[in-house]
Each structure stands twice: as C-alpha cells, then as structure tokens.
Amino acid sequence: MSKKGILALSVVIGLGGIFFYSKHQTQAPFVKSIELTAPVLSASSIDIVMDPQRLLDDPNLSTVEVLASLNKIKAQCRKMNGDFSAQIKQIHQIIIEALEQSLKDGKTVRELLAYEGQYTTHYNGFDDLLLKAQVNLAREKLTITSDVSVLANWQGLEVIKGFNQDVITSIVTSMGGMTSERPAMTMKFEVKPDITTDDVALLLSNQDNFNTYLDTFIQIENTAAISPSMLFVAIATQLPIEDFTLEANAKTFTVNDVALAIRNQLPSEYIAVLLNNTTAYDEFPAFIQDRDGAGIDDRGGTYYNLADVAVSEFDLATLKLLADKGVKPTNEPGIFTAMDIALLNLPENQEELNGDNGLNQYIDTLTYLKKQGYKAHGVAMERANAENEVHFLPPYLVGFRFTTPITGLGLEEVISGIELIDGSASIVPAAIDDSLISQAIIAADERKQQLAAQRQPCGRIEQDLHDAQQFATPQSMVEIVKSLMKQEVDVGAELNRIDPALITVWHQELLYQNQRNEAASIENEFMDLIKQSRVDEAVIYASTYQLTQSETDFLLRHVVKDESLAVVWLSRMLPIKPSGLSMFSGLPLNKWQSLQDEKFDFALEDTWGNDLFTVAAQKSVEHVDWLLKYGLKPNMAMVGLDPFDLALEDSYKQQKLTQATIRLSQFVDKIEPSHLARIARLKVFFPEEYQALISINKQFMVTDGVEMNQYRQVKMYF
C-alpha cells in the first residue's frame, strides 16, 4: 500500500474556518412509495421557467427591461448551479432509499443489479448507488458522529502524531457542533512511533465510546473514520502480543476495526485476537469502500466482508482464520469474485513486488483461491502470430487488468491457470414492473426531467445576454484577431479601427504565445528568492542579471503584495516593462500609498503602453485623483482602450455614470469613435446616465446614427 503524505496539524487548525458543514438531517422512516424525497427544487427556484427567447422577442419590453430580466435569470441560474450537487443527490436518494429497503426485505445484490438496465446513468452508476445503500445500512449498525466535539470526551488522542490537549481544544472550539454526511476535505495523520504505557492506558480508558466512530476530515492511514478502537488497532504492533491480547480481550471490536488491521498488515496473531473479540465478523465494512469518496487507496473496489479485504492484501493467514469462522470471500459469477479482487490488486511492477517474500505471498493466495474454485471475469483475445491476450474485466469493479503488464513478475504460471467465467453467469435484466426499484427509477427519471426543464433556460443565458446587449462573444473576438494575424496587414491599426477592445485581445494572444514559448526556459532561482522573501539576495540577482519577462511579471505580482520587495524592483538592471498591470486592480488605495513610501515609481507602463490610469479608471475616482496628485496625466492617445474608454465601460457595467468617468472626461481633447460608441451604449440602455454625462460636456452628445460598441474589454487567458 502506498503511504499518503502527512499534512501538518497547524494546517488543520488554520483551515478550520473554511470547513462548512450542512446540518445533518435524520431521515424519516422509509415508506414504500415513489414519493421518496423532498422536491428537487425549492419553491422559490421553481419560478425559473421564464424563456429568455420570449423576452428577446417581446415588442412591449424595452431593451433595458429585457436586460434586467435576463440578468435576473442569470442570477437564478447561478443559484441553481450552486445547488446542483444537492439536487443530484436528492435524485440519487430516491433510488438509494429504495435499494436500502429492498436489501432489508431480503433482496440479494444479484436480484437488485437486474434492474440496472432500467436506470440511465446520472453522474453515478446504478452499482454505485447500490454500494451507497449497502454502506448506509452498515453505518446504521454503528455509532457514528461527524461532530468533532466528541474529541473533547475521548482520552488518549495523544497517540496521534502532533495531537495534544491544546490542539484538540482548538479543533473543538473552532469546529465543534458542525456536522455533515461527508467531510468537505480530509487530512491524514500518523500515529506516534513511540507510544508509552500511559498513552495506551488513556486510550483504553474510553469505555462507553470505545467504538464511537468520528467520520470527518481527521483520518489515519487506511480508513475513512477514527475511533478509540481504531487507534488501538493502529498502535497494535507497538505492544507485545501478550499485552495486546490482554487488553483486547477486555474490549469489543467491529469489522471496521479488523478491516483496518488487515489493511495495516498486522501479523496474523494480532488479527486472530481481534476476531475473537468481534461478534459480527461477517458484516459489511463501512469505512473501507472507495467509490463514495472515502479516498482509500484501493484498486479493487467493493469489499463485501473481511475476507474480501484479506484477499486484496494477499493475507492468506487471515483468509484461513476467517474461513474457520465461516466467512469466505465473495464469489458471485456475473458480478465479481475474490479472484477479480486479487488480480486487480496485484503489483504494477517489480518495485512493488517486495522481493521473494512478496512473490510467494501473491502466488500462495492466488493458488489458494484457485483450489477453492474461484474464477475470474475476463475474455481471451485472439491475436495473430502471438499468444492470446487475456483481459481480466470484472463487470462491477473499477479498472481491469491484462496479462501483459503482469508478465515479468514471476506470476505467469499461476495466472495462466486461472479459469475465466463464461457469459452464462451474466445477470438477466429485469423487466419494468411494480417493484419498489422500478417505481423508484421511474420517479428519479421524472425528477431528472423536471430538473433539466428548470435548467434549460440557463443553457443559453450568456449568449442571450450578449444578444440582448448586442455584444459580440469573446470567442468571435478571438476569431477576428486570429484571422487578421494571418493576413499581411497592420494588425494593430486594423483592430484599432474596428474597435480598440480588440487590441486587448490581440495583446493577450501575443502574450499567451510568448509565455508558452518561454515556459520551458524560465529561470527558477530568482523566483525562489522572491517566494522566500530573501530580499538582499534578490537585489543582488536583479542588479546582476537582466530579468526575463516571466521573472519581471512574477516580481511585480509579489511587489504589490509585499511592498518590502519594492527595493528589488528598483534595483533591476536594464529593466523591461511588465506584460500587464492587472495586479494593481485588486489593491486598495492605502496599498498604493505604501508602495509610494517605498519609492515605487507609479509612472509605469506595460509592454503595450497601458498606464495605471487604465486600472484606476475601473476602480474609483479616488484612485484617479491619487495618480493626478502624483503628477501623472492619462494618455488618451494610446492604441487600444484608453482610460476614458475603460471608464465608460465601467459606467455601463455599474449602470451608473461613475465619478471616475466624470473626472477623466476632463482630459479628453479629442473625442474618438470608440468614445462615441460607448456613450451611445449608455444612451440606449441607461439614458439618465447619458443625460448626466452630456450635461457636463455637450461634446459627448451622440446622434442617432452613431452605433454603440459591439466589443468590450475581455480577459481571455489571464
């Protein structure tokens, strides 16, 4: 088994504030009815059936009214998208509940899988939903919580590496009381390698909650939950077998604890002790299944009992122990068998083989399964002038294996003798009937159709918004730029003639190509110095070597975050211009002032001639005034969108004439066609704001013949 990396405990505490859990809802008792769950959408959401096309075609609606309605639909669509996973889960839950009840009624897995053909896969396969139902039923027999407050009542948690009372208190204080069915994020921890007698005594002092499982982001290797019983299993080999036996005999364990022991490859004598103190050792293990997102490292999919887990670990001794207790590995021809599990968990290469002992372990387990009559699912593919190639392909397990990758491991002889299951064992599909499963599938399909109908207006909402505003799509802008780049024309002049917004797309396309070409030769030494805030060394580097374009951009992005790096920026030898100034757009004015205090020069232009007024125009009049006070003036003669163009676009976006637009209008000596086109847009959509603008300067009046701009500033790549 591959070992996962350990995340520092401080990260857990630091991330505590970002774990959001939905309140766990206790499910009502199951009723045999197709009305299994709440509506897919809340009542407030069901109103999203307005057809955007009807709005666009309605002659009684003004352009402004259409735009307002479309934006309302877009907001509702955004909310629907945010709720989409919950809606899908509700649809799945209809079938899961039916499967749970059917399992309780004594239906077999084979009988239930016969209904698979009636189900159309909707993000999860039918077998995934069946697995979820099995896990749910297994969990009902356990004491499980997802509230980390339980940690305050547990003793002996110091066996987890990095845990102490201060850490536990911090976790409980920051996240106690919050619960969820599945953790939003998981973090794995190791147990201490030097457990003391006092640690063990404290852990075993958990009496009433020894078998209480915490199913949350705190995990240890090979299991999706923790409990005092699991922690005891995790430290088992640090105790002599005599001491372990003495302590274990005073406790009771579940199959989940034993599954962890098998996964941790505990010696068979330890596992035997656990089995002797496990009453229901033939139960379905709940915390070792991978398809529900537990993150357990298994290639072999579903494990119906402890024997299946033992097969996946090639633990022959435990297989025999379990056989003596009447627990045998799964053998379901047409579904999956223990031989399938074994084949899927074989090593990928020699490095994973673990020497001769490992080889013998695999051979002995496969030989045992063959003698017990286990076969594998697969097909022998005939190949011309070569040996037949076998595809091991279990129908309901993730992944498949060829004999070819297994060659070279010394397993060819034992594998070549594995019998394949013929097609006669395949599950016969069930016809649609009045059974609970058929009716649940029908109900789920109805809900899917309802959800699809309610989401249908969202499919074109962005295009409809473009159409209603008479904006070209970003993709069409890219196509215009790329087309001109292939022609023998002055690309910049031609794009600026059409609309200066296309210049921005052109620049981004050029920048994208340049960065892609430079990516292979980026120097990392300087970037590492900046990342580590090694300012003095970075100054020496920047004053000794000319920084590349990528290094220059990287430095400026960090300077705006940490003004102490401004000295590095000022020390550059043969400085080149940055490729953009967008990193300034997120800075509040006080950060601009802090940079000035560090002697940062705001008379800054990027590679394309854009100055900081192009940023300030879309932020606030205070930013514009700050630059004016600094002694700068906006460049209104530049190629591309000038500050007044951008301010007008921002006014349109804000649906209000901004003060930055008013201030920058004072510096417009020549009214460009691009200015008039954007003013015309204000006139059409927000006539009151247009009137406010022309009341300041009559030169900004536009005649009815002036077309509003089709193109606007877009950010395609960065």
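Numbering of residues begins from 1 in every chain and follows the order in which that chain's sequence is written. Whole-chain, interface and lining totals are the exception, using all residues; otherwise, since this is a predicted model, local features are given only for residues with pLDDT of at least 70 and side-chain atom pairs are given and counted only at 80 or more. Note that water and hydrogens are dropped before the side-chain values are worked out from all heavy atoms of the structure.

A separate point is the overall build of the protein chain. Counting from the N terminus, the helices are the DSSP runs of H or I reaching at least four residues and the strands are the DSSP runs of E reaching at least two. Looking only at helices and strands, one finds 34 helices and nine strands in the protein chain. Taken over 718 residues, the protein chain has a buried fraction of 49%. Any two residues whose heavy atoms approach within 4.5 Å at even a single point are treated as in contact. In the protein chain, 75% of the contacts between residues at least 6 apart in sequence involve partners at least 24 apart. Exposed residues in this analysis have more than 50% of their type's maximum accessible area, buried residues have under 20%, and partly exposed residues fall in between, with area computed by a 1.4 Å probe over protein chains only.

Glancing now at the side chain of Ser-665. Topologically, Ser-665 is positioned in helix α32 (residues 659-665). By relative accessible area, which is 5% here, Ser-665 ends up buried. Beyond its immediate stretch of four places on either side in the chain, Ser-665 contacts Phe-644 and Phe-700.

In this section: the environment of Leu-529. With respect to the helices, strands and loops of the structure, Leu-529 is situated in helix α24 (residues 525-531). Assessed through its relative accessible area of 7%, Leu-529 is described here as buried. Distance from Leu-529 to Val-539, taken between C-alpha atoms, is 9.6 Å for residues ten residues apart in sequence.

So, about the packing of aromatic side chains. Geometry of aromatic contacts follows a simple scheme: Phe, Tyr and Trp rings, the Trp one being its six-membered ring, pair when their centres are within 6.5 Å, and the pair is stacked under 30 degrees between planes, edge-to-face over 60, tilted otherwise. Counted by the stated rule, this structure contains 27 aromatic pairs. Ring geometry for Phe-232 and Phe-253: centres 6.1 Å apart, planes at 20 degrees, overall stacked. With a gap of 21 residues between them, Phe-232 in helix α9 (residues 228-234) and Phe-253 in the loop between α10 (241-248) and α11 (255-263) connect regions that are remote in the sequence. Each member of the pair, Phe-232 as well as Phe-253, is classed as buried.

All right, on to helix α26 (residues 549-559) then. Judged by how many residues are buried, α26 sits mostly within the fold: nine of eleven residues are covered. By the burial criterion, the buried members of α26 are Ser-550, Glu-551, Thr-552, Asp-553, Phe-554, Leu-555, Leu-556, His-558 and Val-559.

Any two side chains of opposite charge can pair, on the condition that their charged atoms come close. By salt bridge we mean one thing: a side-chain nitrogen of Lys or Arg within 4 Å of a carboxyl oxygen of Asp or Glu. Under the counting rule described, the total for this entry stands at 20 salt bridges. The salt bridge involving Asp-704 is made with Lys-683; its shortest N-O contact spans 3.3 Å. In this pair, Asp-704 is assigned in the segment after α34 (687-696) and Lys-683 in helix α33 (residues 673-685), connecting sequence segments 21 residues apart. Residues joined by salt bridges that share partners form a network here, namely Arg-460, Asp-464 and Asp-467.

With that settled, consider the environment of Leu-112. Positionally, Leu-112 belongs in helix α5 (residues 109-113). A relative accessible area of 1% means that Leu-112 is categorised as buried.

Moving on to the nonpolar core. Ranked by size, the top nonpolar core spans 124 residues in total, and within it Leu-99, Phe-126, Leu-151, Ile-171, Phe-232 and Phe-244 carry the most contacts. Non-local contacts of Phe-232, meaning those with residues more than four positions away in its chain, are made with Leu-203, Leu-204, Phe-210, Leu-239, Phe-244, Glu-247, Ala-248 and Phe-253. By nonpolar core is meant a set of buried Ala, Val, Leu, Ile, Met, Phe, Trp, Tyr and Cys residues that side-chain atoms within 4.5 Å join together. Grouped together as the second largest cluster of nonpolar side chains are 83 residues, Leu-529, Ala-542, Leu-547 and Leu-612 included.

Moving on to the pairing of strand β8 (residues 389-392). Where burial is concerned, the two faces of β8 agree: the one with Glu-389 and His-391 and the one with Val-390 and Phe-392 are both buried. Where strand β7 (residues 378-381) meets β8, four bridges bridge the pair, whose relative direction is antiparallel. Residue pairing for β8: Gly-378 is matched across the bridge by Phe-392. Strands are labelled as partners when DSSP assigns at least two bridges between them.

Another aspect to go through is the packing of α11 against helix α12 (residues 268-276). Angles run from 0 to 180 degrees between N-to-C directions of axes, and those axes are lines fitted to C-alpha atoms, restricted for helices to the stretch in contact. α12 packs onto α11 with a crossing angle of 175 degrees between their chain directions and a minimal axis gap of 10 Å. Overall, the two elements α11 and α12 adopt an arrangement that is roughly antiparallel. On α12, the residues touching Val-258, Ala-261 and Ile-262 of α11 are Ile-271, Leu-274 and Leu-275. Of the residues that constitute the contact of α11 with α12, the class distribution is six nonpolar, no polar and no charged. Throughout this description, any angle smaller than 35 degrees is read as roughly parallel, any larger than 145 degrees as roughly antiparallel, any in the 65 to 115 degree range as roughly perpendicular, and the remainder as oblique. Throughout, the ten residues Ala, Val, Leu, Ile, Met, Phe, Trp, Tyr, Cys and Pro are labelled nonpolar, Asp, Glu, Lys and Arg are labelled charged, and all others, Gly among them, are labelled polar.

Quick look at helix α7 (residues 165-175) now. For α7, the full list of buried residues reads Val-167, Ile-168, Ile-171, Val-172 and Met-175. Summarising the axial view, the buried residues of α7 lie within an arc of 130 degrees, below the 170-degree limit, and thus occupy one face. Turned more than 90 degrees from where α7 packs its buried face, Asp-166 and Thr-173 sit exposed. Think of a polar contact as two N or O atoms within 3.5 Å of one another; within protein, one of them needs to be a possible hydrogen donor and the other a possible acceptor, and neighboring residues in sequence only count if both atoms come from side chains. Sitting at the head of α7, Asn-164 places a side-chain oxygen 3.0 Å from the backbone nitrogen of Asp-166. As used here, the arc is the angular range of directions from the helix axis to the C-beta atoms.

The quantity called pLDDT is the predictor's confidence in a given residue, expressed from 0 to 100. Confidence in the prediction of the protein chain, expressed as mean pLDDT, is 85, and 85% of residues score 70 or more. Of the regions scoring below 50 in pLDDT, residues 1-49 engages in 97 contacts with residues more than four places distant in sequence or in other chains. A low-confidence stretch, residues 291-300 (pLDDT under 50), is modelled with 45 contacts involving residues beyond four sequence positions or located in other chains.

Next up on the list: unusual backbone geometry. Residues other than glycine seldom take positive phi values, yet Gln-470 does so here, at roughly 60 degrees. Position of Gln-470 relative to the elements: it lies in the loop between α20 (461-469) and α21 (474-485). The phi torsion at Leu-574 lies on the positive side, around 45 degrees, for a residue other than glycine. Secondary-structure assignment places Leu-574 in the loop between α27 (566-570) and α28 (589-597).

One can find Lys-448 in helix α19 (residues 436-455). A distance of 3.0 Å separates the side chain of Lys-448 from the side chain of Asp-445, its partner in a polar contact. If we skip the residues at most four places from it in the chain, Lys-448 touches Ile-91, Thr-120 and His-122.

Turning our attention to the packing of α12 against helix α14 (residues 316-324). The geometry of α12 relative to α14 is characterised by a closest axis approach of 10 Å and an angle of 25 degrees between their N-to-C directions. With respect to each other, α12 and α14 are oriented roughly parallel. Of the two elements, α12 crosses α14, and the hand of that crossing is right-handed. Each of Ser-268, Ile-271, Ala-272 and Leu-275 in α12 lies in contact with α14, whose residues at this interface are Ala-317, Thr-318, Leu-321 and Leu-322. Handedness of a crossing is defined here by the sense of rotation of the near helix relative to the far one, left-handed for an anticlockwise turn of less than a right angle and right-handed for a clockwise turn.

Attention now moves to the environment of Trp-154. Position of Trp-154 relative to the elements: it lies in the loop between β1 (143-145) and α7. Residue Trp-154 is classed as buried on the basis of its relative accessible area of 2%. Distance from Trp-154 to Ile-168, taken between C-alpha atoms, is 10.0 Å for residues 14 residues apart in sequence.

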